[in-house]
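Commentary on secondary and tertiary structure
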Amino acid sequence: MPGDVLFALFGAGALAAAVLPRLVAGRPLSVPLVFLLCGMAFQAPPVPLPEVDPVADRVWVEHLTEICVIVSLMGAGLALNRPVGRRTWQAPWRLLGVAMPLTIAATGLLAWWLLDWPPAAALLLAAALAPTDPVLASEVRVGAPTESEHDEDEARFALTGEAGLNDGLAFPVVMAAVALAGSAGAGLSGEWVGEWLLVDVVYRCAVGVLAGLAVGRLLGWLFFRAERRAVRLSEHRDGFVALGATFLAYGVTELAHGYGFLAVFVTACRIRAAERDHGYHTVLHDFVEQIERLLTAGLLFALGAFVARGGLAALSWRGAAVGLLLLLAVRPLAGWVAQLGTVAGPRERVVTAFFGIRGVGSLFYLAYALGSEGFHVPAGELWAVVAFTVVASVLVHGVSAAPAVSRLDRMRAVRARRRRGGGRPGDDEVAHERI
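Residues numbered from 1 in each chain as written. Predicted model: local features only at pLDDT ≥ 70, side-chain atom pairs only at ≥ 80, totals over all residues. Heavy atoms only, no water.

Re the environment of Tyr203
Rule in force here: Where helices and strands are cited, they refer to DSSP runs of H or I of at least four residues and of E of at least two residues respectively, numbered from the N terminus. Contacts are assigned to residue pairs that have any heavy atoms within 4.5 Å of one another.
When you line up the elements, Tyr203 lands in helix 8 (residues 190-224). With 54 residues separating them in the primary sequence, Tyr203 and His257 have C-alpha atoms 8.6 Å apart. Aside from chain neighbours lying at most four places away, what touches Tyr203 is Leu198, Ala256 and His257.

Okay, structure coming up:
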C-alpha cells in the first residue's frame with residue numbers, strides 16, 4: 001500500500017509542478033509554499049505514508065538536497081545574460097563580500113547568546129542559514145536566457161548571481177564549524193585554523209573555480225564549436241545534456257577535493273559565455289528548470305510532512321527568535337548595507353535585501369555537517385531551528401515575492417514609457433530604470 005500511494009503522489013506532484021507555476025503567477029503564493037502546505041495536509045488523514053526523519057535518514061537527505069542544489073545552480077548560471085565582470089557584477093560581489101559575512105557573524109552571535117550553544121554549533125547554524133537559496137528563489141530570479149545582455153533588472157540579477165555563488169562560498173564556514181567541533185578544546189589555535197585556511201578556503205575554492213572554468217570551456221567547445229556536426233551537441237538540441245554537464249562538473253571537482261557547488265555555477269556561466277546568443281541555452285535551461293521543479297516539489301512536500309509529524313517539537317521560542325531575526329532583521333540590514341553605492345535604486349535595494357530566501361541549501365549543509373562531527377547540541381534541535389527558518393522563509397517570502405517584484409516591474413514600465421514619450425518600451429529600456 002505505501003508504494004502505491006507514493007506512485008500516486010509522485011504522479012500528482014509531477015502534474016502539479018507543471019500546472020502550478022502558471023496558476024500562481026503574479027499572486028501572493030509560490031509553488032514551494034503550495035507543496036509545503038500539501039506535505040503538511042497529507043499527514044492529517046490516516047494515509048500510510050513513510051515517516052520523514054532527517055536525523056535517522058541523514059544520508060538520504062544530504063544527497064537529495066545536494067542533487068537539487070547543483071541542478072538549480074546550473075539553471076541559474078545558464079539564465080544569466082550579463083557577462084561576468086568587476087563592474088557588471090557589482091551587486092552580487094557586494095552581497096557575497098559584505099552581506100554574507102555580516103549575516104554569518106550576526107546569526108552566529110544570536111545562536112551563541114540566545115540559545116547558549118557552543119561556538120561550533122552556533123557557527124554551523126550561521127553557515128547553514130547564510131546562503132540565499134537558488135532553489136526556492138524562482139520568483140525573484142532572472143527568467144530564461146535571452147540574446148540581450150541588458151534586459152535583466154538589478155534586483156533579479158543581484159539575487160540570482162548571489163544565489164549562484166554563495167552556496168559554494170558558505171562551504172568554508174561550514175568546514176570551519178566542523179573543524180572547531182573536532183578540535184577537542186584546541187579552540188582558535190593554529191592546530192586547525194592554519195590547515196583550514198590553506199585547504200578549505202584557498203585550495204578548495206581555487207579548485208572549484210578552475211575546474212568550473214576548465215569543464216565549462218571544454219563543454220562550450222563541444223556544444224558550439226566541434227568540427228564534426230555529430231559531436232556538436234547544439235545541433236541536436238538535447239536538453240538532458242544539461243544534467244551531464246552538471247554532474248560532470250560536480251563530480252570532477254569533488255574528486256579533486258574542490259567545492260563542486262562553485263564549479264557547477266562557474267561551468268554554467270562559462271558555457272553561456274562560449275556562445276552567448278545561441279538558442280541552445282534556452283533548451284538546456286528549460287530542461288534543468290523542469291527537473292528542478294520536480295525535485296523541489298518532492299523536497300518541500302517531505303519538509304511539510306516532517307513539520308506536520310512533529311519535526312519542530314524540539315524548537316524553543318529562542319530558536320524561533322533566531323530564525324525570525326535572521327529573516328526579518330539580520331539579512332535585510334546586511335543586504336541593505338552591502339548595496340550602498342551600487343547602481344540599484346532604493347526600492348530595488350529593499351527587495352534585494354529582503355528576499356534572501358533560505359531553503360534547500362541550508363538543509364544540505366546541516367545534513368552534511370552532522371555526518372562529520374558531533375556539535376554538543378542534539379541533532380533534533382539543530383534540525384528544528386533550521387527547518388523552522390526554512391519554513392518561515394517559504395511562508396514569508398512565498399506570500400510577498402510575487403507582489404513585490406510585480407510592483408517593481410510595473411513601476412519600471414511606467415517610468416520607461418514616460419521617458420520614451422509614449423509607446424511600448426523595450427525590455428532593455430525597462431530593465432535600466434532604477435526604482
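Details of the state of the cysteines
Under the convention used in this document: To count as a disulfide, a pair of cysteine sulfur atoms needs to be within 2.5 Å. Only protein chains enter the accessibility calculation, which uses a 1.4 Å probe. A residue is then buried if its area is under 20% of the maximum for its type, exposed if over 50%, and partly exposed in between.
For the coordinates displayed, the defined rule picks out zero disulfides. Cysteine Cys38 shares no disulfide, and the gap to the nearest cysteine sulfur, in Cys68, comes to 17 Å. Cys38 sits in the partly exposed class, given a relative accessible area of 29%. No disulfide involves Cys205; its sulfur sits 16 Å from the nearest other cysteine sulfur, which is in Cys269. Here Cys205 falls in the buried class, since its relative accessible area comes to 15%.

Let's talk about the side chain of His397
Within the element layout of this structure, His397 appears in helix 15 (residues 379-420). Not counting residues within four places of it along the chain, the set of residues in contact with His397 comprises Leu327, Phe354, Phe355, Gly356 and Ile357.

A word on empty space enclosed by the protein
The criterion, for reference: Only protein atoms enter the 1 Å grid, on which a cavity is a set of points fitting a 1.4 Å probe that cannot get out and a pocket is an open set with protein on both sides within 12 Å along at least 5 of 7 lines, lining residues being those with an atom within 4 Å of a point. Grid points are joined across faces, edges and corners, and a volume is the space filled by probe spheres set on the points. Gly counts as polar in this scheme, as do all residues outside two lists: the nonpolar Ala, Val, Leu, Ile, Met, Phe, Trp, Tyr, Cys and Pro, and the charged Asp, Glu, Lys and Arg.
Per the stated rule, a full pass over the model turns up one cavity of 30 Å³ or more. By volume, the largest cavity is sized at about 80 Å³. Around the largest cavity, the lining residues are Ser30, Pro32, Leu136, Glu139, Ile357, Ser393, Val394, His397, Gly398 and Ala401. Broken down by element, the lining of the largest cavity gets its largest block of residues, five residues, from helix 15. Each residue belonging to the lining of the largest cavity can be placed in one class, and the counts come to five nonpolar, four polar and one charged.

Note that all results are geometric; they support no functional claim without further evidence.
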